[in-house]
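# Breakdown of the fold
The lines below spell out each chain.
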Amino acid sequence: MSAPGRFGAFGGRYVPEALVAALEELEGAWTDAVADPKFVAELDQLQRDYTGRPSPLTEVRRFAEHAGGARVFLKREDLNHTGSHKINNVLGQALLTVRMGKRRVIAETGAGQHGVATATAAALMGLDCTVYMGEVDTRRQALNVARMRLLGAEVVPVATGSATLKDAINEAMRDWVTNVEGTHYLLGTVTGPHPFPSMVRDFHSVIGREAREQVLERVGRLPDAVCACVGGGSNAIGIFSAFLDDPAVRLHGYEAGGEGIAPGRHASRFSGGVPGVLHGAATYVLQDEDGQTMETHSVSAGLDYPSVGPEHAFLHDSGRVTYEPVTDDEAMDAFALLCRTEGIIPAIESAHALAGTLRLGQAMARDANEEPPVLLVNLSGRGDKDVDTAARWFGLVDGQDLVEAEQLKADEPVAEAEGSGW
Amino acid sequence: MSPLEEVFSRCRDEGRAALVAYLPAGYPDLATSVAAVRVLAEAGADIVEVGVPYTDPLMDGPVVERAATAALKNGFRLSQLFDVVRAVAEAGAVPVVMAYWNPVLRYGPDRFAADLAAAGGAGLITPDLIPDEAGAWRAAADEHGLAPIFLVAPSSTDERLRTTVEACRGFVYVAATMGVTGVRSSVGASARTLVERTRSLTDLPLCVGLGLSTGDQAAEVAAFADGAIVGSALVRAVGEDPTLGRLRELTQELAEGVRR
Ligand SMILES: Cc1ncc(COP(=O)(O)O)c(C=O)c1O
């Protein structure tokens, strides 16, 4: 790192002056907090008693039969309270919010997992909560919109621009710059202006620390490779961070390849993007030749984002991590495979990591009497939120049935609709 | 004397503040935006701030955001910015550009500075580039005789006010309130306080923006600042009346305001 908040040429603080004071305050509060045994103990306790950490490590033998004979271990972030890794960062920042004396949090969300985690922490700590969500995403993740509202959060659909995650971030930034005095922007991934990329990474590093120990205990050595999906990059950096200094451990990040390489039809920043600035950070950005942000596409809302955390840009350029796209089709096939072979329904985001793992396992050539390679995968979230998308994708319900079911639900009084037993 | 120094010195001689008028290039289309900046200059704007439409304008409220989206949808290309800048200069006002950093970065800061200077531009306002991150831009601006114009905000510490005004040339953009661009019903006390704090640190002209829309508000700001910056209200006037009659009236009202 060349300067504070920099990862080589990436990172920094590309923000309106009005936000600088708040970023400096946040950096100070974070630095103080992590040196304060009381804060550390409080966060540890929440992670244990509320989130349910440590999350288990599960070897998936039937799934691994499709991975070229490798042994595959899943780090089960899907089993955390609220259903994904997002809660790790949220609890840390929510405690900081209270510590800074602020009473309101705002957040952006794509898949809804970060919004749900933020709404959850806000309820737990008695904070007001507003979540910005692209209008397109509110439709494809309607269940999570309902969850956030049940938890007492206000969900604001954002119709500007492409009406997805990047526009939700713009809107959250606009709210923050207006209300910064009493409001903390609880950013949900490892991008944005310093200190967010470093701070969010550190709150997620618990994933890697636990997984490293669990793999050592289970197989007696480090894994050969660690795989994760990369949206903004928080679950990936969380698990990678424990292995960066182990050169023998290959690190693989999988981005949304969407429908393929056509511009606007994917979110593979390291295939189609170039260095630029978006949302406060210098990093790789999918942009046209005028520097306008390009539209992106992915079947998974959580990976549908035109830029990526600056530390990933650095790890890409240094060659320490290999980033590859995984298409919608590949991700959905891996999604189905994990469901059928292991009885685990993954988030579609996490299914990108699973698809990459299958590809990697098959490519790791070895002779038969060698020990099988060990692949560690971050299963960043569970797929309950994606059941509707998956059911449509696989044609498990037909369009007409869905329309009729929605109509019935809308017409029926709640008591009857919910009266089927449990 | 640089063109910006000249404007502020003339305004000082006339005992008034400068009117700084913002419109995005290419809104609603290139031809109308060229005509619109001419109207601004003819109707009394001293400085015209030409905005670069950008997909992710996080310092802008809905009026400017929608205008940017419309301009991009109608095919705005960055190279057309310089046509609009040239039109401002030809019409007799001083052009400055307001741009988010990524379009400039992608164009190449040095190439951007060269092309802006060649088109007659006097400076660049950067809403999401603070001096701390602006090393490359400040060097390029220096090289081509352009003024880097940064913002100060009510939340800026004294230390940051000092380093920011030291990095500014031409004038300082004083953000009147915490928030994004838009139309507000009152100027508020924070603008005056911030002007006073900034005044104690620099002799550069101080222009106040964010929220102004009427002649009365322009007059109110003119009483304590060197310039009044108006944006969203003008953008709305173009949107409501593409024949630009409404734009001309509003600009005249604002020009009268800074002369009160
Ligand atoms: C389950 C899950 N995994 C991954 C992501 C992508 O985010 P990140 O790359 O920051 O881990 C999301 C984002 O919504 C998510 O919900």
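Residues numbered from 1 in each chain as written. Chains lettered and ligands numbered in written order. Predicted model: local features only at pLDDT ≥ 70, side-chain atom pairs only at ≥ 80, totals over all residues. Heavy atoms only, no water.

### Points about the pairing of strand E3 (residues 94-98) of chain B
Residues and elements named next belong to chain B. Here E3 lies mainly inside the structure; 5 of its 5 residues are buried. Side chains of E3 alternate between two faces, with Val94, Val96 and Met98 and Pro95 and Val97 buried alike. As paired elements, E3 and strand E4 (residues 123-125) share 3 bridges and run parallel to each other. Along E4, the bridge assignment pairs Val96 with Gly123. (Buried < 20%, exposed > 50% of the residue type's maximum accessible area, 1.4 Å probe, protein only. Helix = DSSP H or I, 4+ residues; strand = E, 2+ residues; numbered from the N terminus. Pairing = 2+ DSSP bridges.)

### Details of the pattern of salt bridges
All names here are of chain A. Within this structure, the stated rule accounts for 42 salt bridges over all chains. Across the pair Asp175 and Arg104 runs a salt bridge, and its minimum N-O distance is 2.7 Å. Placement of the pair is Asp175 in helix H8 (residues 165-179) and Arg104 in strand E5 (residues 104-109), with a sequence separation of 71 residues. For Asp175, a relative accessible area of 7% corresponds to the buried category. (Salt bridge = Lys/Arg side-chain N within 4 Å of Asp/Glu carboxyl O.)

### Thoughts on the interface of chain B and chain A
Between chain B and chain A, the residue contacts involve 33 residues of the former and 33 residues of the latter. Here chain B meets chain A over a buried area of about 2900 Å², counting both sides, of which 50% is carbon and sulfur. Between chain B and chain A we count 5 salt bridges in total. Close ionic contact of A:Asp290 with B:Arg77 constitutes a salt bridge, the shortest N to O distance being 2.7 Å. Where chain B meets chain A, there are 21 residue pairs in polar contact (both at pLDDT 80 or more). Residues that form the side of chain B that touches chain A fall into these classes: 19 nonpolar, 6 polar and 8 charged. (Contact = heavy atoms within 4.5 Å. Buried area = accessible area lost by both parts, 1.4 Å probe. Polar contact = N/O pair within 3.5 Å; in protein donor to acceptor, adjacent residues only side chain to side chain. Nonpolar A, V, L, I, M, F, W, Y, C, P; charged D, E, K, R; others polar.)

### Considerations on the sheet that holds strand E7 (residues 154-158) of chain A
All names here are of chain A. Here 4 strands make up an open sheet; going across it, the order is E7-E6-E5-E8 and the pairing parallel. Edge positions in the open sheet fall to E7 and strand E8 (183-185), since each of these has one partner strand only. On average, each strand axis in the sheet is tilted by 20 degrees relative to the strand beside it, whichever way the strands run. With 5 bridges connecting them, strand E6 (residues 128-134) and E7 associate as parallel partners. (Axes fitted to C-alpha atoms, helices over the stretch in contact; angles between N-to-C directions.)

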